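# Observations on the three-dimensional arrangement
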Amino acid sequence: MALRKILTEPNKILRQKSLPVEMVDKDLQNLMDDMLETMYAAPGIGLAAIQVGIPKRVIVLDIAQKEGTKKPIFLVNPEIIQKSKNNSTYEEGCLSVPGQFAEIDRPDRCYIKYLDYHGEKKEIKAEGMLSTCVQHEMDHLEGILFIDYLSKLKKTMIIKKLSKQKKAIERIVV
Ligand code: NI
């Protein structure tokens, strides 16, 4: 297992649409292992493959970390079958939008079908925080970030801030 570099906005790769996985093989499992390790190290509760520069429809999640037990979920080619008409609001952040948070409304319940770590067909009912988390990560597969739901002004401000931070970091590295 190895840590991967998490890409941050602004970065064109993050805006790419990810492609379906054709086969869950050892290489893909290695990628999922790396993604999970990278997510735990960040630390975060969800990560999509595109955030480490791989345009594949793969997501890792673990919303149980706070309780001290690890319960990773691997979603390959996830699809939303059904979602609730009722929304819930959470303050969201993203490993690719460091240090920025905003309240976002999303359906409070959804049903997802996907392939698991072993390539087996599965379905889950996601509620509350898991519902938000899954939808946030599935947006990444379409090249969408949570800041896209904000007003143009807010979004522009955040991207400007992130660009500045990036330049500052690059200066130190050089
Ligand atoms: Ni994210």
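Another point: the coordination of the nickel ion. Bound to the nickel ion on the protein side are Cys94 (SG), His136 (NE2) and His140 (NE2), at distances that span 2.1 to 2.3 Å. Here the donor residues for the nickel ion map to a single chain with the spacing C-x41-H-x3-H. You can see Cys94 sitting in strand β4 (residues 87–94) and its partner His140 sitting in helix α2 (residues 128–141), a full 46 residues away along the chain. Just as Cys94 is buried, His140 falls in that class too.

Moving on, we get to the packing of aromatic side chains. Across all of its chains, the model carries 1 aromatic pair by this definition. Measuring from ring centre to ring centre gives 4.8 Å for Phe74 and Tyr117, while their planes differ by 55 degrees; the resulting arrangement is tilted. Remark: Tyr117 occurs in the loop between β6 (109–115) and β7 (121–127) and Phe74 occurs in strand β3 (residues 73–83); sequence separation between them is 43 residues. On the basis of relative accessible area, Tyr117 is assigned to the buried category, the value being 17%. Lys70 extends its terminal NZ or CZ atom over the ring of Tyr40, reaching a point 4.4 Å from the ring centre.

This part covers the pattern of salt bridges. Per the counting criterion, the structure on display carries 9 salt bridges. One salt bridge connects Glu92 with Arg106, and the closest N-O pair in it is separated by 2.7 Å. Pair noted here: Glu92 is in strand β4 and Arg106 is in strand β5 (residues 97–107), with a separation of 14 residues, a long-range link. Of the two residues examined, Glu92 and Arg106, each falls in the buried class. Beyond isolated ion pairs, a larger network of salt bridges with shared partners links Glu9, Arg15, Asp148 and Lys155.

Omega for the peptide link from Glu9 to Pro10 comes to -5 degrees, which places this bond in the cis form. Relative to the helices and strands, Pro10 resides in the segment before α1 (26–41). Of note, the bond from Ala42 into Pro43 is cis; its omega dihedral lies within 30 degrees of zero at -5 degrees. Structurally, Pro43 is set in the loop between α1 and β1 (46–48). Of note, the phi angle at Asn77 is positive, near 50 degrees, even though the residue is not glycine.

Before going further, it helps to spend a moment on the sheet that holds β6. Spatial ordering of the open sheet is given by β1-β2-β3-β6-β7, a layout of 5 strands whose pairing is antiparallel. In this open sheet, the two strands that pair with only one neighbour each are β1 and β7. Across this sheet, the average inter-strand angle for adjacent strands is 40 degrees, counted without regard to direction. Across 3 bridges, β1 lies against strand β2 (residues 58–61) in antiparallel orientation. By the bridge assignment for β2, Leu47 is matched with Val60. Taken strand by strand, α1 contacts β1, β2 and β3, and its axis lies near 40 degrees from that of β2. In this fold α2 packs onto β1, β2, β3, β6 and β7, with an angle of close to 150 degrees to the strand it touches most, β2.

Let's shift gears to the nonpolar core. The biggest cluster of nonpolar side chains holds 18 residues, and the ones touching the most others in it are Leu28, Met32, Met35, Leu47, Val58 and Val60. When residues of this core are traced back to their parent elements, those giving at least two are α1, β2 and β3. No other element matches α1, which puts 7 residues into this core. Apart from residues lying up to four places away in sequence, Leu47 is in contact with Ile6, Met35, Thr38, Met39, Val52, Val58, Ile59, Val60, Leu95 and Glu137. Among the nonpolar cores identified, the runner-up in size contains 14 residues, and Ile50, Ile59, Leu130 and Val134 belong to it.

The rules behind each value
- Residues numbered from 1 in each chain as written.
- Predicted model: local features only at pLDDT ≥ 70, side-chain atom pairs only at ≥ 80, totals over all residues.
- Heavy atoms only, no water.
- Donors = N, O, S within 2.8 Å, 3.2 Å for Na, K, Ca; no water.
- Helix = DSSP H or I, 4+ residues; strand = E, 2+ residues; numbered from the N terminus.
- Buried < 20%, exposed > 50% of the residue type's maximum accessible area, 1.4 Å probe, protein only.
- Phe/Tyr/Trp six-rings, centres within 6.5 Å; stacked < 30°, edge-to-face > 60°.
- Lys NZ or Arg CZ within 6 Å of the ring centre and 35° of its normal.
- Salt bridge = Lys/Arg side-chain N within 4 Å of Asp/Glu carboxyl O.
- Pairing = 2+ DSSP bridges.
- Axes fitted to C-alpha atoms, helices over the stretch in contact; angles between N-to-C directions.
- Contact = heavy atoms within 4.5 Å.
- Core = buried A, V, L, I, M, F, W, Y, C linked by side-chain atoms within 4.5 Å.

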